[in-house]
Amino acid sequence: RLGISGPSGSGKTFTALLIARGIGGSVGVVDTENGSASLYADRFDFASIEMHPPYTADKFLAGIDAAHRAGINVLIVDSITHEWTGEGGVLDKKNKIDAIGGNTFTNWQKVNPDHEKFVAALLQAPMHLICTMRSKQDYVLEDRNGKQVPKKVGLAPIQREGMEYEFTTVFDLALTHDATVSKDRTGLFDGQVFRPSEKTGRTLVEWLDGGQSPA
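Residues numbered from 1 in each chain as written. Predicted model: local features only at pLDDT ≥ 70, side-chain atom pairs only at ≥ 80, totals over all residues. Heavy atoms only, no water.

(A) Representation of helix H4 (residues 90-100) in the model. Within H4, burial applies to Val90, Asp92, Lys94 and Ile97. For H4, the elements touching its buried residues are helix H3 (81-85) and helix H5 (112-124). (Buried < 20%, exposed > 50% of the residue type's maximum accessible area, 1.4 Å probe, protein only. Helix = DSSP H or I, 4+ residues; strand = E, 2+ residues; numbered from the N terminus. Contact = heavy atoms within 4.5 Å.)

(B) Expanded view of the packing of helix H1 (residues 12-23) against helix H6 (residues 198-208). Close contact between H1 and H6 brings their axes to 6 Å; oriented N to C, the two are set at 50°. The orientation of H1 relative to H6 falls into the category oblique. Relative to H6, the crossing made by H1 is right-handed. Across the interface between the two elements, Leu18, Ile19, Arg21, Gly22 and Ile23 from H1 touch Glu198, Thr200, Gly201, Arg202, Leu204 and Val205 from H6. (Axes fitted to C-alpha atoms, helices over the stretch in contact; angles between N-to-C directions. Parallel < 35°, antiparallel > 145°, perpendicular 65-115°, else oblique. Left-handed = near helix turned anticlockwise from the far one by under 90°.)

(C) Spatial organisation of helix H2 (residues 57-69). Look at H2: 19 Å from first C-alpha to last across 13 residues, which is about the 18 Å you get at 1.5 Å a residue. Listing the buried residues of H2 in full gives Ala57, Phe60, Gly63, Ile64 and Ala67. Taken end-on, H2 shows its buried residues confined to a sector of 125°, consistent with a single buried face. The elements touched by buried residues of H2 are strand S2 (27-31), strand S3 (47-50), strand S4 (74-78), H3 and H5. Gly71 lies just past H2 and shows a positive phi near 80°. (Expected span 1.5 Å × (residues − 1). Arc of directions from axis to C-beta.)

(D) Spotlight on the pattern of salt bridges. In total, this model carries 9 salt bridges according to the counting rule given. Residues Glu33 and Arg134 are paired through a salt bridge, measuring 2.7 Å at the closest nitrogen-oxygen approach. Linking Glu33 in the loop between S2 and S3 with Arg134 in strand S5 (residues 128-144), this pair joins segments that are 101 residues apart in sequence. Overall, the relative accessible area of 35% leaves Arg134 in the partly exposed class. Residue Lys117 pairs with Asp58 through a salt bridge whose shortest N-O separation is 2.8 Å. Within this pair, whereas Lys117 is found in helix H5, its partner Asp58 is found in helix H2, the two being separated by 59 residues in sequence. (Salt bridge = Lys/Arg side-chain N within 4 Å of Asp/Glu carboxyl O.)

Written out as structure tokens, the structure reads:
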């Protein structure tokens, strides 16, 4: 279970496809990003399902089930941010319920089951799973030749707080397409700044199979 988080333009989709090719076998994409994966159809071999609003948990579950029935070995869900903030997603449902009335805190009980079902489906998916997540954007000032210049950076993933802990490993991509890890149960990438590639996928497979990580 690999999570890839990053701001727009950091290369989440392309990175996911690279890693999936390194893992090997048939690749599928559940695409909520207006067909963004199709931009790479000339460079990668994959099957794609385009998802449109409303971004309900049941639609994501149906995509995972379709991939399983098709014999997909590596499934990319690009992105799971829509399940949380998209039209028909959890926050959208919660806001509509709040508008009707009732206690805004207890109203969470009406939308939590769908999100929990969604998380369970990700954890139990019978294939390798790569999920991309948009991250919030912010700017920091960095020194360039004595001048303070704003630099765009990514922050926490846009999903429910703590969602990243559901994954085995989470890569945080910068706009340079380099990655660091915010969580790494494999111990393979901790403390590194690296450019994910097909080799990254092969490394993960070797770890899963109990082999040694390559030198």
